[in-house]
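Analysis of the macromolecular model
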Amino acid sequence: MDRNAKAVVPGLCCAVVRQLVGQGVFWLAVLLTGAAQAAPKVGEVPPTYVGVDAEGNAVDLFGFKGKVVVVTFWASWCGYCLKEIPVLENVQRQAGDGRIRVIAVNIDDDNAKRRQMRARLKDFQLLMTTDKDKKARKAYGVGGIPHLVMIDPEGKLAYRHVGYDKEMLPEIVDELNGLLEEAEAAAEREGLAPRLRVV
C-alpha cells in the first residue's frame, strides 16, 4: 500500500504546515553529549521503553499496539522542538486516542527546566515522558534533535526523521496520514468498527 495515500485527517497537512511556516520554523539539529547507539531500522520492532511519566511510572509501547505511535525527542533549549510540540498536540487532539498516541520524550538534564516545561504543557493530551537516565535516547540512537519516529499499528518502525525542518513537514504529514489510513483499513478488514474521521 502506498504510504503517501490520501489524507485520512482532512486538512491536517495544510493546517500543520501553515502553523509551522507561520511561526517561521527553521532547521535545527543539536548534537547531544555522549555517543548514541545504533538506531532501530525501519521495519524493525523499536525499543519499547520511552521514559517515565509525571508519576514516575515507566512508559512502554506495549500498551499502544494497534495504534499509530509518534515518538519525538525534545528539550526546552531546542527552538524547533518547542514549535513542534504544539503541532503534535494538535495532531493528537484531531486524530484522537483511539487512533494515535503521540509521546514527547523530554531529554533536558536540568530538573528545574524539566519541571517547568511539564507545568507549562500540563493540559496537553499527548503523553509527556522524561528520559533522565538516557536509556530511551540511547535505545533509539538519538544523537541530535529534533528526532521523531513513527511506529505502525503492528508495532514496527515505519519512519524515522532526524534534524528535519519545516521543508520536511509535508512529507512527515503524508507519512502519518498514510499510517492512519493503513490502520483504518486493517480495522475494517478485521471487522472492527470503522474509526471516526476528523474533519
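The preceding data block contains the structure.
The structure presented is a predicted model; accordingly, all values stated were derived computationally and were not measured.

1. What about the pairing of strand 4 (residues 68-74)?
Residues in a regular strand project their side chains so that they alternate between the two faces of the sheet. Burial analysis of strand 4 places seven of its seven residues in the buried class, which makes it a mostly covered element. Neither face of strand 4 is open: one carries Val-68, Val-70, Thr-72 and Trp-74, the other Val-69, Val-71 and Phe-73, and all of them are buried. Two elements, strand 4 and strand 5 (residues 100-106), share seven bridges in a ladder whose sense is parallel. Each residue of the ladder has a partner; that of Val-70, found in strand 5, is Val-102. Here five bridges tie strand 4 to strand 8 (residues 147-151), and the two strands are oriented antiparallel to one another. When the bridges of strand 8 are listed, Val-69 appears paired with Ile-151.

2. Thoughts on the environment of Phe-73
If you trace the backbone, Phe-73 turns up in strand 4. Here Phe-73 falls in the buried class, since its relative accessible area comes to 0%. Beyond its immediate stretch of four places on either side in the chain, Phe-73 contacts Cys-81, Val-105, Ile-107, Ala-136, Arg-137, Tyr-140, Val-142, Ile-145, Pro-146 and His-147.

3. Section: the packing of aromatic side chains
Here the structure, examined in full by the defined rule, presents two aromatic pairs. Measuring from ring centre to ring centre gives 5.6 Å for Phe-73 and Tyr-140, while their planes differ by 50°; the resulting arrangement is tilted. Taken together, the residues Phe-73 in strand 4 and Tyr-140 in the loop between helix 4 (135-139) and strand 7 (144-145) connect sequence positions 67 residues apart. In this structure, Phe-73 and Tyr-140 share a single accessibility class: buried. Where Tyr-80 meets Tyr-164, the ring centres are 5.5 Å apart and the plane angle is 85°; that geometry is what we call edge-to-face.

4. Some thoughts on the state of the cysteines
Summed over the entire model, instances satisfying the criterion amount to one disulfide. Sulfur-sulfur distance for the disulfide between Cys-78 and Cys-81 comes to 2.3 Å. Residues Cys-78 and Cys-81 are joined through a disulfide that is right-handed, its torsion about the S-S bond being 70°. By relative accessible area, which is 0% here, Cys-78 ends up buried. For Cys-81, a relative accessible area of 0% gives the class buried.

5. Topic: the pattern of salt bridges
Pairing is possible between side chains of opposite charge, provided their charged atoms come close. Within this structure, the stated rule accounts for three salt bridges. For the salt bridge of Arg-101 with Asp-97, the shortest nitrogen-to-oxygen distance reads 3.2 Å. Judged by its relative accessible area of 12%, Arg-101 is buried. The class of Asp-97 is partly exposed, set by a relative accessible area of 39%.

6. Thoughts on the nonpolar core
Counting residues in hydrophobic clusters, the biggest one holds 47 residues, and the most contacted among them are Leu-61, Val-71, Phe-73 and Ile-100. Of all the secondary structure elements, the ones that give two or more residues to this core are strand 2 (49-52), strand 4, helix 2 (79-95), strand 5, strand 8, strand 9 (157-162) and helix 5 (169-189). The contacts of Val-71, once residues within four sequence positions are left out, are Val-50, Leu-61, Ile-103, Val-105, His-147, Leu-148, Val-149 and Ile-151.

7. Structural notes on helix 2
Helix length check: helix 2, at 17 residues, gives a terminal C-alpha distance of 25 Å against a target of 24 Å (1.5 Å per residue), a fit within 8%. By the burial criterion, the buried members of helix 2 are Tyr-80, Cys-81, Glu-84, Ile-85, Val-87, Leu-88, Glu-89, Val-91, Gln-92 and Ala-95. Immediately beyond the C-terminal end of helix 2, within one or two residues, lies Gly-96, with a positive phi of roughly 85°.

About the cut-offs
Throughout this document, residue positions are counted from 1 along each chain, in the order its sequence is written. Given that this is a predicted model, residues contribute local features only at a pLDDT of at least 70 and side-chain atom pairs are listed and counted only at 80 or more, while totals for whole chains, interfaces and linings are drawn from all residues. Side-chain descriptors were evaluated using all non-hydrogen atoms of the structure, hydrogens and water having been removed beforehand. Any residue under 20% of the maximum accessible area for its type is buried, any over 50% is exposed, and the rest in between are partly exposed; the area is computed with a 1.4 Å probe on protein chains only. Secondary structure elements follow DSSP: runs of H or I no shorter than four residues count as helices, runs of E no shorter than two count as strands, and numbering proceeds from the N terminus. At least two DSSP bridges between two strands are needed for those strands to be called paired. Contact between two residues is taken to exist if any of their heavy atoms lie within 4.5 Å; hydrogens are not considered. Put simply, two rings from Phe, Tyr or Trp (the six-membered ring, in Trp's case) pair if the centres are within 6.5 Å, and we call them stacked under 30 degrees between planes, edge-to-face over 60, tilted for the rest. Pairs of cysteine sulfur atoms within 2.5 Å are what we label disulfides. Salt bridges are counted wherever a side-chain nitrogen of Lys or Arg sits within 4 Å of a carboxyl oxygen of Asp or Glu. Take the buried Ala, Val, Leu, Ile, Met, Phe, Trp, Tyr and Cys residues and link them wherever side-chain atoms come within 4.5 Å; each set so joined is a nonpolar core. Each residue after the first adds 1.5 Å to the expected span of a helix.

Note that every value here comes from positions in space, so none of it alone points to a role or purpose.
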